[in-house]
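# Survey of secondary and tertiary structure
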Amino acid sequence: GRGRGGEAYYADVARGVITAGTTAIRELHPKRDFDLQEIVDALASPAALRELARQVSGTTAKRLEARAAAMKSDRSAASAVLGAHEKLSSLLAGHYQRFYEPTRAKLDWMEALAGGSVISVCLPSTAATEDTVIVGRWILEQLLQTASRRTALQQDGYGLKPCLVISDELTALHESDL
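For clarity, every value in this text was computed on a predicted model and none was experimentally measured.

Scoring rules and cut-offs
- Residues numbered from 1 in each chain as written.
- Predicted model: local features only at pLDDT ≥ 70, side-chain atom pairs only at ≥ 80, totals over all residues.
- Heavy atoms only, no water.
- Patch = residues over 30% accessible without salt bridge, like charges linked within 9 Å, V, L, I, M, F, W, Y side chains within 5 Å.
- Areas by Shrake-Rupley, 256 points an atom, 1.4 Å probe, with all protein chains shown as cover.
- Salt bridge = Lys/Arg side-chain N within 4 Å of Asp/Glu carboxyl O.
- Buried < 20%, exposed > 50% of the residue type's maximum accessible area, 1.4 Å probe, protein only.
- Axes fitted to C-alpha atoms, helices over the stretch in contact; angles between N-to-C directions.
- Helix = DSSP H or I, 4+ residues; strand = E, 2+ residues; numbered from the N terminus.
- Left-handed = near helix turned anticlockwise from the far one by under 90°.
- Contact = heavy atoms within 4.5 Å.
- Nonpolar A, V, L, I, M, F, W, Y, C, P; charged D, E, K, R; others polar.
- pLDDT = per-residue confidence, 0-100.
- Expected span 1.5 Å × (residues − 1).
- Arc of directions from axis to C-beta.

### Remarks on a nonpolar patch on the surface
Nonpolar side chains collect at one region of the surface, where Val118, Leu164 and Ile166 lie side by side and expose about 270 Å² of accessible area between them. Of the residues examined, Leu164 reaches a relative accessible area of 44% and is grouped as partly exposed.

This is how it looks when you write it as structure tokens:
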């Protein structure tokens, strides 16, 4: 295939395949914590994406099949997906690996913020900048989802205590990183 280039194209393709993969994994295992290793495994090849597609149905399966087909026919798409695979693999092996261990206790933002908390988020300054951007983006996405849920609860009449989340490291991220 002809393939397309450009940073935005690579980011869109990678985001699309990661979203489709995580949606499939959550459909397969709705009652357990998400395991990053599973998405890394799914991104390893078009065959791995197709195998995941066979385990789900509907729109999710169609999206995974389309991503797998694009990887085979479009070198740029294949490069974008393999690049995402490498980045996520490096997270599993890098400074942040302990955050992605499936057996490690997870932070429940709703619970943490329920008591009128002040939370300081500290990311290690010794980690690779690219890894910090990925983890920082993930933290911000989690906080935005939590803020949305808290807003909905408040609109439904639930009394919520104010909370504050502080993070110096996240302020250093450029808008383009988010």
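### Digging into the packing of helix α4 (residues 58-73) against helix α5 (residues 75-93)
It is the contact of α4 with α5, at a shortest axis distance of 5 Å, that shows an interaxial angle of 115°. With respect to the hand of their crossing, α4 and α5 are arranged in left-handed fashion. Taken together, the residues of α5 that come into contact with α4 (itself represented by Ala70, Met71 and Ser73) are Arg75, Ala77, Ala78, Val81 and Leu82. Of the residues contributing to the contact of α4 with α5, the split by class is six nonpolar, one polar and one charged.

### Comments concerning the environment of Ser57
Its location among the elements puts Ser57 in the loop between α3 (46-55) and α4. When the C-alpha positions of Ser57 and Glu27 are compared, they lie 9.4 Å apart, and in sequence the two are 30 residues distant.

### Examining the confidence of the model for the protein
For the protein, the average pLDDT comes to 78, and 81% of its residues sit at 70 or higher. Looking at the elements of the protein, mean pLDDT is at its lowest for helix α8 (residues 168-171), recorded as 63, and at its highest for α3, recorded as 92.

### Concerning α4
Here α4 contains 16 residues, and its C-alpha end-to-end distance of 23 Å stays within 8% of the 22 Å for a straight helix at 1.5 Å per residue. Here α4 has its buried residues at Thr60, Ala61, Leu64, Ala68 and Met71. Looking straight down α4, one finds its buried side chains confined to an arc of 100°; they lie on one side. On its buried face, α4 is in contact with α1 (7-28), α3 and α5.

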